[in-house]
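Survey of secondary and tertiary structure
What follows is each chain in one-letter form.
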Amino acid sequence: MLKFFAARLLQAIPVLFVVITATFFLVHSAPGGPFDAEKTLPAEVLDNLNARYNLDDPLYKQYLSYMGNLVQGDFGPSFRYSNRSVTEMILTGLPITFELALYAMLIALIIGISAGIVASIRPNSAQDYIPMSLAMAGICLPSFLMGPLLVLIFGISLDWLPVSGWGYAPGDKILPAITLGTGYAAYIARLTRGGMIEVMGQDYIRTAKAKGLSTPMIIYRHALRGGLAPVVAFLGPAFAGLLAGSFVVETIFQIPGLGRFYVQAAFNRDYTMILGTTILLSTLIVLFNIVSDILTVWLNPRLTLKD
Amino acid sequence: MRLHKQAPWPRRLFTEIHWIRNLDAQAVIKRTRSITRVCLVLSLIIIASCDLGPSNRATGAAQQILHLGNGTEPKDLDPHIVTGVTEHNIISALLEGLVTEHPKTLQPQPGVAASWSLSEDGTRYTFKLRDNAYWSNGDRVTADDFLWSWQRLLMPTLAGEYAYQLYPIVNAAAFNKGELNDFSQVGISAPDPQTLIIDLAYPTPYFLSLLSHFSTFPVHKDTVLAHGKKDERGTLWTRAENFVGNGPFVLEEWRLNYLIKVTKNPFYWDQESVALNEIRFYPIDNAQTEERMFRTGALHIASSIPADKIASYQQNHPEKISINPYLGTYYYRFNVTRGPLVDPRVRRALSLAIDRQILVDAITKGGQIPAFSFTPPNTQGYQPPSGILSYDVGLARQLLADAGFPNGKGFPTLELLYNTSDGHRRIAVAVQQMWKEALNITIALSNQDWKVFLDRAQSLDYDIARAGWIGDYADPNTFLDMFVTDGGNNQTGWSHPQYDQLIAKAATQADQSSRYKSFYKAEELLLIDSPIMPIYTYTRVQLMHPEVKGWLANILDHHPYKYVYIEPIAVNE
């Protein structure tokens, strides 16, 4: 397994290299620069600024020096937030986004698995169609609609939960986690249903029924564990998706996470910040996919980690 | 009992998960059990706490803590390198210049300087610093602090974007541009720790108002030098744990993209008049989020409001919304270097064909004032020329016909460039329609990402471009000196020698009324030639809970915090 892991990591290096290089040249070729503003800077000031951040060097030189620093783990200073380094900003934002993604994932699992089980007990009946239609609606409902809707109900009308923040008022993590989680809950519901129906058709379930076990017992003791396998395989890519896709929820709920930095950096032409966050997210996606592959095999001993 | 029925469709959806078919369920059982349990335990932890405490409004009133929505995350808190309103709002709590502003009239009030005098020819200011002005670490604030700080601002290697604020001082511009290396030749001197003498190159009636701008605030020399070189940008001296200031508040906490907390400064010379114990600034870049926070009492003041909520607030909560004139103009630039826009008659025709009243009533809806001049009316007593621009479709058609396009015949399709924003788009669509109806000409709309937009405007790669300008200080000069030949913010290609002369002349005039006459004549030229099309004068639309007192409206939207306090209230929301 170690060998497999190492091989996959080695494969990731060229992928990341291409991602970094492409991003570097793309952001530098986009019109406008980090120091453009509505009030134009005097030419002398702009020259000094460009010199300070080495933007007056030829692009290939900037690229080489960026890559040189990157190899040493230095993401450089943020062009916009002048007293912050990209590393510091990522270290501030990532744990928050990670926590948000984790809670969202838990909510997605709780709602998704329950709905999936309910639907799978009587396939192609109302008990199946209703939760599955809701799940389809959940997949379709974007978080920029879901978030304000939840805020309107639970934050403003009922006044039960804070409408913004992260860790400042009790309960302020609930609405963002639900908003981010519901879309994934829908996916998980569909996966659970599929897995459960498959397992419920297996011989050992029939045996359990023949022995006179009640349906809830069969589901909990025997079917659930097998039926959840597809969900487990989905967790890795889903978690990467949650991390990368948290921007909307972070904006709606005023959460100082990585997603907001990422999108703002692109608008601000904060070159180093765009590169830093892109590298981080692409690394995470690659990693989660490897982990997900390993988990899949670990769950099913019939598979081996040969390639 | 069903044994093998056809695979249900959701599973067909995920057939790439090939191993479902080969599932050895027994082997999976043990391994998924632990995962299920972990999930259950963690979910219980989340659900555990759900008790809402009192709102920020309630605790704020009890403890004099002001909660403010504050736009975006500040770039930095170094007064010599930042430029934005967001940064201004925070820095003005942390630092204080020679003079401060009256909260209503903006007239200069004593700050670090207890008094000052001006020579008869209007070019030499002598400031007497108060003897009880201290930094937040207990050091005295001296004239040398200003000398050192202003040298820092003017150092070319610092690349301070607001260095030009000091250009009225003798040789300051030359030093900042690197033409002069000897700072002793710049007209700033500190003969003793409590005296600061400033020599101006020309009388500058608005010079005192420059001194309440954050770029001219002093910084603490030892702190700056402890964290880097004098001219180094972005060092750690502005962090909460390092910051030493001389303003009414000290920096207590700076959580990136979340909160900046400042608390009362016990060393501040006028700390007895400071009522607030704490101010919390929240960087909220989404107006919808900010309005929701305001509504639930998480904020006392929201800096922005979604345009579609203005009417509802005016109807249901008029005591919470205020709309005040703001020293800024929303306008369109014409590229006078190409196409039919080379002809001033065409430009003026376009400007005359716009019904600005409809734009502000039906589209912007924030009480904006239709603008027929570039300088907002009554800018420190200056009244811009009126009557040159108006809504006059007949004259517009006539001018267009004179320019060779009767009823828009033969007029090429021009492009109207604006940066992506729903507000700008709606105005552009309306203007496009008005031009079509009044002049029978076709305009193509083009929206661009902010940086692309700036790039194209600066390189004159446009026909018509949306723009906005907010005055740096309350004086017509901050508007009119933009359009001198090759001025960095001109960006229209327009050049008029007589205009340049008038602006240069105004700079040397000490007498306010003759100075304003020069500006008036210059603005007449600008409006007749129409390289720009003023649309409306900005307003500041703000949400504020009524218990906040001492937060007074003025055209710069400056609110010195030492006058602000919160009345005790019974919050029942």
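These numbers were taken from a predicted model, which means no experiment stands behind them. (Residues numbered from 1 in each chain as written. Chains lettered and ligands numbered in written order. Predicted model: local features only at pLDDT ≥ 70, side-chain atom pairs only at ≥ 80, totals over all residues.)

Some thoughts on the overall build of chain A
What chain A contains, in helices and strands, is 13 helices and 0 strands. Its helices and strands taken in sequence order, chain A reads α-α-α-α-α-α-α-α-α-α-α-α-α from the N to the C terminus. Its C-alpha atoms put chain A at 85 × 55 × 30 Å along the principal axes. Within the span of chain A, comprising 307 residues, buried residues form 45% of the whole. Expressed as a percentage of contacts within chain A between residues at least 6 apart in sequence, the contacts between residues at least 24 apart total 73%. (Helix = DSSP H or I, 4+ residues; strand = E, 2+ residues; numbered from the N terminus. Buried ≥ 20, exposed ≤ 12 C-beta atoms within 10 Å, placed from the backbone. Contact = placed C-beta atoms within 7 Å.)

Some remarks on the overall build of chain B
Looking only at helices and strands, one finds 18 helices and 19 strands in chain B. Projected onto its principal axes, the C-alpha positions of chain B cover 100 × 75 × 50 Å. When the 573 residues of chain B are sorted by exposure, 46% land in the buried category. Taking all contacts inside chain B whose residues are at least 6 apart in sequence as the whole, residues at least 24 apart take part in 68%.

Thoughts on the packing of helix H7 (residues 174-200) of chain A against helix H10 (residues 229-244) of chain A
Residue and element names in this part refer to chain A. Running from amino to carboxyl end, H7 crosses H10 at an angle of 160°, the nearest separation of the two axes being 9 Å. The pairing of H7 with H10 is recorded here as roughly antiparallel in orientation. Along this stretch, H7 crosses H10, giving a crossing that reads as right-handed. For the pair formed by H7 and H10, the contact residues are Leu 180, Tyr 184, Tyr 187, Ile 188, Leu 191, Thr 192, Gly 194 and Gly 195 on the first element and Ala 229, Pro 230, Val 231, Phe 234, Ala 238 and Leu 242 on the second. (Axes fitted to C-alpha atoms, helices over the stretch in contact; angles between N-to-C directions. Parallel < 35°, antiparallel > 145°, perpendicular 65-115°, else oblique. Left-handed = near helix turned anticlockwise from the far one by under 90°.)

What to know about helix H12 (residues 356-364) of chain B
All names here are of chain B. Those residues of H12 lying buried are Arg 356, Leu 359, Val 360 and Thr 364. Projected down its long axis, H12 carries its buried residues within an arc of 90°, all on one side. When the buried face of H12 is taken as reference, the exposed residues oriented beyond 90 degrees from it are Gln 357 and Ala 362. Structurally, H12 contributes buried residues whose contacts are with strand S13 (369-370), helix H14 (422-439) and strand S17 (532-544). Just beyond H12, the residue with positive phi is Lys 365, at close to 60°. (Arc of directions from axis to C-beta.)

Some words on the sheet that holds strand S6 (residues 188-192) of chain B
All names here are of chain B. The 4 strands lie next to each other as S4-S5-S7-S6, forming an open sheet whose pairing is antiparallel. One side of each edge strand has no neighbouring strand; the edge strands of this open sheet are strand S4 (113-118) and S6. On average, each strand axis in the sheet is inclined to that of its neighbour by 20°, with strand direction left out of account. Both S6 and strand S7 (residues 195-199) contribute to a ladder of 3 bridges, which runs antiparallel. Each bridged residue has a counterpart across the sheet, and for Ser 189 the counterpart in S7 is Ile 197. (Pairing = 2+ DSSP bridges.)

A short note on the environment of Glu547(B)
Residue and element names in this part refer to chain B. Following the sequence through the fold, Glu 547 ends up in the loop between S17 and strand S18 (548-549). Along the sequence, Glu 547 and Pro 412 sit 135 residues apart, while their C-alpha atoms lie 56 Å from each other. If sequence neighbours within four positions are ignored, Glu 547 has contacts with Ala 61, Ile 566, Glu 567 and Ile 569.

Remarks on the pairing of S17(B)
Residues and elements named next belong to chain B. Of all 13 residues in S17, 11 are buried, a share of seventy percent or more. As defined by bridge partners, strand S12 (residues 321-334) adjoins S17 across 10 bridges and the pair is classed as antiparallel. Bridging across to S17, Pro 325 finds its partner in Thr 539. As defined by bridge partners, S13 adjoins S17 across 2 bridges and the pair is classed as antiparallel. In the strand pairing of S17, Pro 370 is matched with Tyr 536.

Structural notes on the environment of Leu352(B)
Residue and element names in this part refer to chain B. Position of Leu 352 among the secondary structure elements: in helix H11 (residues 344-352). Accessibility expressed as a C-beta count within 10 Å gives 24 for Leu 352, which makes it buried. Separated by 37 residues in the primary sequence, Leu 352 and Leu 389 have C-alpha atoms spaced 6.2 Å apart. When neighbours within four sequence positions are excluded, Leu 352 is seen to be in contact with Leu 389, Ser 390, Asp 392, Leu 395 and Ala 396.

Here we look at the nonpolar core
Of all hydrophobic cores here, the largest spans 230 residues; its most connected members are Ala104(A), Met105(A), Ile188(A), Leu94(B) and Ala353(B). At 18 residues, the largest contribution of residues to this core is made by helix H4 (residues 86-121) of chain A. Here Ala104(A) is in contact with Ala177(A), Leu180(A), Gly181(A), Tyr184(A) and Leu242(A), once residues within four sequence places are set aside. (Core = buried A, V, L, I, M, F, W, Y, C linked by C-beta atoms within 7 Å.)

Describing the packing of H4(A) against helix H12 (residues 258-268) of chain A
Residue and element names in this part refer to chain A. Axis separation between H4 and H12 bottoms out at 7 Å; the angle between their running directions is 130°. In terms of orientation, H4 lies oblique with respect to H12. Between H4, through Met 89, Ile 90, Gly 93, Leu 94 and Thr 97, and H12, the contact on the second element is made entirely by Leu 258, Gly 259 and Phe 261. In terms of residue class, the contact of H4 with H12 is made up of 5 nonpolar, 3 polar and no charged. (Nonpolar A, V, L, I, M, F, W, Y, C, P; charged D, E, K, R; others polar.)

Examining the pairing of strand S10 (residues 278-282) of chain B
Side-chain direction in a regular strand flips from residue to residue, so the side chains alternate between the two faces of the sheet. Residue and element names in this part refer to chain B. Taken across its 5 residues, S10 has 4 buried, putting it largely inside the fold. Note that strand S1 (residues 65-69) and S10 share 5 bridges and pair parallel. Across the sheet, His 67 pairs through a bridge with Arg 280, a residue of S10.

So, the confidence of the model for chain A
Model confidence for chain A is summarised by a mean pLDDT of 85, while 98% of its residues fall at 70 or above. Averaged over each element, pLDDT in chain A is lowest for helix H9 (residues 215-227) of chain A (80) and highest for helix H3 (residues 59-71) of chain A (91). (pLDDT = per-residue confidence, 0-100.)

Description of the environment of Thr379(B)
Residues and elements named next belong to chain B. Along the polypeptide, Thr 379 turns up in the loop between S13 and helix H13 (393-402). Residues Thr 379 and Tyr 473 lie 94 residues apart in sequence; the distance between their C-alpha atoms is 9.7 Å. Ignoring sequence-local partners within four residues, the contact set of Thr 379 consists of Leu 327, Ala 474, Asp 475 and Pro 476.

Notes on H11(B)
Residues and elements named next belong to chain B. Within H11, 7 of the 9 residues are buried, which leaves it mostly tucked inside the rest of the structure. All buried positions along H11 are accounted for by Val 346, Arg 347, Arg 348, Ala 349, Leu 350, Ser 351 and Leu 352. Taken together, the buried residues of H11 touch S12, H13, H14 and S17.

Observations regarding the confidence of the model for chain B
Residue and element names in this part refer to chain B. On average, residues of chain B carry a pLDDT of 88, and 90% of them reach 70 or more. Contacts of residues 1-23 to residues separated by more than four positions or lying in other chains number 32 contacts, the stretch itself having pLDDT below 50. If you check the scores for this complex, the pTM reads 0.85 and the ipTM reads 0.84.

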